[in-house]
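Coordinate inspection notes
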Amino acid sequence: MLKIYNTLTQKKESFKPLHDKKVGLYVCGMTVYDLCHIGHARVLVAFDVVVRYLQSQGYQVNYVRNITDIDDKIIKRAQENNESLSDLTGRMIDAMHQDFSQLNILSPTHEPKATEAIAPMIDIIQTLMEKGIAYQSDNGDIFYAVDKFKTYGELAHQDLEKLRRGSRVAVELTKKDALDFVLWKQAKPNEPSWDSPWGKGRPGWHIECSAMSMAALGKHFDIHGGGLDLVFPHHQNEIAQSEGATDKKFVNTWMHVGFVQINRQKMSKSLGNFFTVRDVLAEYPAEVVRYFLVASHYRSPIHYSQENLQAAQSALQRFYGTLRGLNLNIALQDSDFAADIRDYQNKFKAAMDDDFNTPEALAVLFDVAREINRIRESDSKQALALATFLKQQAGILGILQQNPEQFLKAGVQADQSQTIETLIAARNKARAEKNWAEADKIRDELANLGVSISDNASGTDWHRM
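As the structure is a prediction and not an experimental result, all values here were calculated from the model.

Here we come to the overall build of the protein chain. Each helix and strand counted, the protein chain has 16 helices and 15 strands in total. Principal-axis analysis of the C-alpha atoms gives the protein chain an extent of 90 × 50 × 35 Å. Every one of the 465 residues in the protein chain was classed for burial, and the buried ones make up 50%. Pairs at least 24 apart in sequence give 74% of the contacts found in the protein chain among residues at least 6 apart. Total accessible area on the protein chain is roughly 21900 Å²; 46% of this is exposed by carbon and sulfur atoms. If the 54 positive side-chain charges of the protein chain are averaged to one point and the 59 negative ones to another, these points end up 3 Å apart.

Right under this line is the structure:
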C-alpha cells in the first residue's frame, strides 16, 4: 500500500483517498513576477511524478496548481518595468509554461489564477468576520486573529509563543497580535483593486490558496503540497482560515519538497543565488535537468552543481545506450512481458509506494538495464520485454521517452555527424589492420570532439560526452 510522509503528523501514513480511486491534489504554484528557477522546477517535477504514479496505479487525479497573479512583488516589478500587471503576468505565465513543457511536466487538471477567484476569497473573509475570527484594523485592512484558532502552529510543530517570539520586532501597529495575518488590504493609489464589503482593496496572499483549492476540490480534500518554505506561515495560515471558515478538516496529507541548495544555502531569489530554468537549459538538455531533480528523494535537500548535472547526463546516456538498437515497437504477448519483469515490477512499485522513493526506483531500473545488457545477445525476446518495461516505468518518472539515437546524438550537426562517422570508419579500418596506435589516435581525436565511442558485436556506437 502507498505510504506518504505527512508533514502534519511527521510520519508516513497509508494513503486512503476520501473517494475510492479519486484523488484531490492541490499544489501551490508560481507567483508570476519573474522567470522560474530550479528550486521552483524541483517542486513541480516532484509533484508531476506523484501525479504520474497515482495515475499509473489507477487513480483519477484532480490536480490543481494555482497561479498567483496579484502580489506585492508583482506590483513592484510591473512598476519597475513601467508595464501593466496583465502584460507582466502574461509574459511570465507564457515563459513558465514553456519551461515546464521542456521539463516534461504535465499540465494540471485546473490552473486557477488568483485574480479570477476574488469573489470566493471575499466569501471566506466574510464568514471569518461573522464568526469573530477576523477583524478590521484601524487602517481598514482585514486581519485573521490567530489566537482564535487553538491549533495554530501545529503544522510547523511550534507553539504560539515560540512563533510569536520569532516574529518581526517591527510589527504592524494595526495588528492585535504579531502573528495575525492580513486577509484583505485596503486599496492604495496606482495599485489594482476590487470592490468588497470593506471598500476597494485586494486579497492577502494566504487567502488566495484557500479559495482556489476549495473551489476546485471542496472543503476537505486529500493532498496539499508545495515547497518546504511554505510550511510556515503560508500553509499554516491556509489551515487556520480554511478550517476557521468551514469547521471541517481542510487537508488529510501535507507534502513538502526539500530545497535546492547551493553551497549549503537554499536557492532563492531573495538570496540572489538562483539559476533560472532557462539558465540551466542553456547548458544541459531538459531531460538531464529532470533526471537530476528526480534522482534525489523529494523530501531531501538537493545540491545544485555542475558535477551532479554531469552525473545525471552520464546516467541517462547509460540508460539510452541500453535501449539503443532495440525495436520497442514490436508487440509482445502479456504473458511473456509479465513473466520476465514481475520481480522488477514489484520492486519498482515497492519503492514508489514508500513515499515516492525515486532514488530506489531508479536503482531498480538500473538493475533492469544491466540485465538487458547481459542477455541482449543471447535472449533478444527477453531483452526486448525488459526494455519495454524499462521505458514504461521510466515514463512514470518522466524520463527515457526519447528515441535513443536522438538523445545520444543531440546537438550534433549533419556535417559534424559525417565527420564523426568518417573517423569511426577510419578507426575500424586501423583496428582491422591491427594498427592500434592509429586506432588510439583516432579515438583521442573523437574525444577531443566531445564524442565517446563503444565497440560491440554489431559495430561501433557513439554519443556526445
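With that settled, the discussion passes to the sheet that holds strand 7 (residues 181-186). The four strands lie next to each other as 5-6-7-8, forming an open sheet whose pairing is antiparallel. Each of the sheet's edge strands pairs with one partner strand only, and the pair in question is strand 5 (134-136) and strand 8 (201-203). Looking at each pair of strands side by side, their axes are set apart by 20 degrees on average, direction ignored. In this sheet, strand 8 lies alongside strand 7 in antiparallel orientation, the contact comprising three bridges. By the bridge assignment for strand 8, Trp184 is matched with Pro203. Against the sheet, helix 4 (residues 118-130) contacts strand 5, strand 6 (142-144), strand 7 and strand 8, and its axis sits at roughly 120 degrees relative to strand 7.

Let us look at the sheet that holds strand 9 (residues 221-227). Judged by pairing direction, the sheet is parallel, and its four strands sit side by side in the order 4-3-9-10 without closing on themselves. The strands lining the two open edges of the sheet, one partner per strand, are strand 4 (60-68) and strand 10 (251-257). Taking the axes of each pair of neighbouring strands and ignoring which way they run, one obtains an average angle of 20 degrees across the sheet. Inspection of the sheet shows strand 3 (residues 22-31) paired to strand 9 by three bridges, in the parallel sense. Within strand 9, the residue paired with Tyr26 across the bridge is His224. Strands strand 3, strand 4 and strand 9 of the sheet are contacted by helix 6 (residues 205-217), whose axis makes an angle of about 150 degrees with strand 4.

Here we take up unusual backbone geometry. In this chain, Phe232 is followed by Pro233 through a cis amide linkage whose omega measures 5 degrees. Residue placement: Pro233 occurs in helix 7 (residues 231-246). Unlike most non-glycine residues, Asn190 shows phi in positive territory, near 65 degrees. Along the chain, the position of Asn190 falls in the loop between strand 7 and strand 8. Phi is positive for Asp355, close to 60 degrees, though the residue is something other than glycine. Here Asp355 shows up in the loop between helix 11 (334-353) and helix 12 (358-375).

On to the domain arrangement of the protein chain. By domain assignment, the protein chain separates into domain 1 (3-257), domain 2 (306-406) and domain 3 (411-464). Taking only C-alpha atoms into account, the centre of domain 1 sits 38 Å from that of domain 2. Every contact between the two is made by 12 residues of domain 1 and, on the other side, 11 residues of domain 2. In total, about 1100 Å² of surface goes out of reach between domain 1 and domain 2, with carbon and sulfur atoms giving 61% of it.

As a further point, take the packing of aromatic side chains. Throughout the structure, instances matching the rule amount to 12 aromatic pairs. Taking the centre distance of 6.0 Å and the plane angle of 55 degrees together, the rings of Trp184 and Trp198 count as tilted. With Trp184 in strand 7 and Trp198 in the loop between strand 7 and strand 8, the pair connects residues that are 14 residues apart, well separated along the chain. For the pair Phe221 and Phe250, a centre-to-centre distance of 5.3 Å together with 80 degrees between the ring planes defines the contact as edge-to-face. Of this pair, Phe221 sits in strand 9 while Phe250 sits in the loop between helix 7 and strand 10, placing them 29 residues apart in sequence.

Here we take up the UniProt feature "binding site: Zn(2+)" (unreviewed entry) in the protein chain. Per the UniProt annotation, the sites labelled "binding site: Zn(2+)" (unreviewed entry) are Cys28, Cys209, His234 and Glu238. Of the residues just listed, which span 211 residues, no C-alpha pair is farther apart than 11.2 Å, and they cluster in one region. With respect to the secondary-structure elements, Cys28 resides in strand 3. Residues within four places of Cys28 in sequence aside, it is in contact with Asn66, Cys209, His224, Gly225, Leu230, His234, His235 and Glu238. One can find Glu238 in helix 7. What makes Glu238 buried here is its relative accessible area of 0%. Among all residues touching Glu238, those that are not within four sequence positions of it are Cys28, His206, Cys209, Ser210, His224 and Phe250. Side chain to side chain, Glu238 and His224 meet in a polar contact 2.9 Å long.

Of the residues examined, Asp355 reaches a relative accessible area of 0% and is grouped as buried. Asp355 has contacts with Lys3, Ile4, Tyr5, Lys12, His297, Tyr298 and Arg299, leaving out every residue within four places of it along the chain.

Procedures and definitions
Residues numbered from 1 in each chain as written. Predicted model: local features only at pLDDT ≥ 70, side-chain atom pairs only at ≥ 80, totals over all residues. Heavy atoms only, no water. Helix = DSSP H or I, 4+ residues; strand = E, 2+ residues; numbered from the N terminus. Buried < 20%, exposed > 50% of the residue type's maximum accessible area, 1.4 Å probe, protein only. Contact = heavy atoms within 4.5 Å. Areas by Shrake-Rupley, 256 points an atom, 1.4 Å probe, with all protein chains shown as cover. Lys, Arg positive; Asp, Glu negative; His and termini not counted. Charge placed at Lys NZ, Arg CZ, Asp CG, Glu CD. Pairing = 2+ DSSP bridges. Axes fitted to C-alpha atoms, helices over the stretch in contact; angles between N-to-C directions. Domains from an automatic or database assignment. Buried area = accessible area lost by both parts, 1.4 Å probe. Phe/Tyr/Trp six-rings, centres within 6.5 Å; stacked < 30°, edge-to-face > 60°. UniProt positions renumbered as here; feature names shortened; annotations may be inferred. Polar contact = N/O pair within 3.5 Å; in protein donor to acceptor, adjacent residues only side chain to side chain.

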